[in-house]
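Examining the three-dimensional arrangement
So the chains spell out like this:
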Amino acid sequence: VQLQASGGGLVQAGGSLRLSCAASGRTFSSYVMGWFRQAPGNEREFVAAISRGGGSTYYADSVKGRFTISRDNAKNTVYLQMNSLKPEETAVYYCAADRFLRNLAASSEYDYAYWGQGTLVTVSS
């Protein structure tokens, strides 16, 4: 599967952005989807994941209550709605997919086989 992330940009602290990740192929619903982010000088960190059918989600503690992951399998797209953004959340955001992942809480980047190119989110103070 090929992934294309979009929707990044510049936003003020407290603002909102919605990221999208479009996937190629006809088996999108077979993949667990996740979002990760990487700030300059930092390691890539898990943000959120969603099950194949969309019925289950899992979030990093740092974004719970502010971010929402969702998917539209008819459109082969996963979304990340980000509210109340903070300057320290400035990062490149990546979407990822894996066909065999069973546990959404398995949040390591090594659990995902496919990655998009990333989209930059800059939160100004």
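What this report covers is the structure whose coordinates are included nearby. All figures in this text were calculated on a predicted structure; none of them were measured in a lab. (Residues numbered from 1 in each chain as written. Predicted model: local features only at pLDDT ≥ 70, side-chain atom pairs only at ≥ 80, totals over all residues. Heavy atoms only, no water.)

1. What about the overall build of the protein chain?
Broken down by element type, the protein chain carries zero helices and eleven strands. By principal-axis analysis of the C-alpha atoms, the protein chain measures approximately 40 × 25 × 25 Å. Residues counted as buried form 43% of the 125 residues belonging to the protein chain. Within the protein chain, contacts between residues separated by at least 24 positions form 59% of all contacts whose residues are at least 6 apart in sequence. (Helix = DSSP H or I, 4+ residues; strand = E, 2+ residues; numbered from the N terminus. Buried < 20%, exposed > 50% of the residue type's maximum accessible area, 1.4 Å probe, protein only. Contact = heavy atoms within 4.5 Å.)

2. Topic: the state of the cysteines
Across all of its chains, the model carries one disulfide by this definition. A sulfur-sulfur separation of 2.1 Å characterises the disulfide bridge that pairs Cys 21 with Cys 95. Disulfide Cys 21-Cys 95: the torsion about the S-S bond is 60°, which places it as right-handed. Residue Cys 21 is found in strand β3 (residues 17–23), and its partner Cys 95 is found in strand β9 (residues 91–98); the two are separated by 74 residues along the sequence. Across this residue pair, the class does not change: Cys 21 and Cys 95 are buried. (Disulfide = S-S within 2.5 Å.)

3. Quick look at the sheet that holds strand β1 (residues 3–6)
Pairing is antiparallel across the open sheet formed by four strands, whose spatial order is β1-β3-β8-β7. The outermost strands of the open sheet, each flanked by one partner alone, are β1 and β7 (67–72). Each strand of the sheet is rotated relative to its neighbour by a mean of 15°, with strand direction disregarded. Two elements, β7 and strand β8 (residues 77–82), share six bridges in a ladder whose sense is antiparallel. From the neighbouring strand, Ile 69 faces β8, where its bridge partner is Leu 80. (Pairing = 2+ DSSP bridges. Axes fitted to C-alpha atoms, helices over the stretch in contact; angles between N-to-C directions.)

4. Brief notes about the nonpolar core
Met 33, Trp 35, Leu 80, Met 82 and Tyr 93 are the most contacted members of the largest nonpolar core, which has 38 residues in total. Broken down by secondary-structure element, the contributors of at least two residues to this core are β1, β3, β4 (32–38), β5 (45–50), β7, β8, β9 and β11 (119–124). (Core = buried A, V, L, I, M, F, W, Y, C linked by side-chain atoms within 4.5 Å.)

5. Considering unusual backbone geometry
With phi around 55°, Asn 76 is a residue other than glycine that occupies positive phi space. Its place among the elements puts Asn 76 in the loop between β7 and β8. The phi angle at Ser 84 is positive, at roughly 50°, despite the residue not being glycine. Tracing the chain through its elements places Ser 84 in the loop between β8 and β9.

6. Quick look at the pattern of salt bridges
Under the defined criterion, the tally for this structure stands at four salt bridges. The shortest N-O distance in the salt bridge between Glu 45 and Arg 37 comes to 2.6 Å. In this structure Arg 37 comes out as buried when scored by relative accessible area, which is 7%. A salt bridge links Glu 89 to Arg 66; its shortest N-O distance comes to 2.5 Å. (Salt bridge = Lys/Arg side-chain N within 4 Å of Asp/Glu carboxyl O.)

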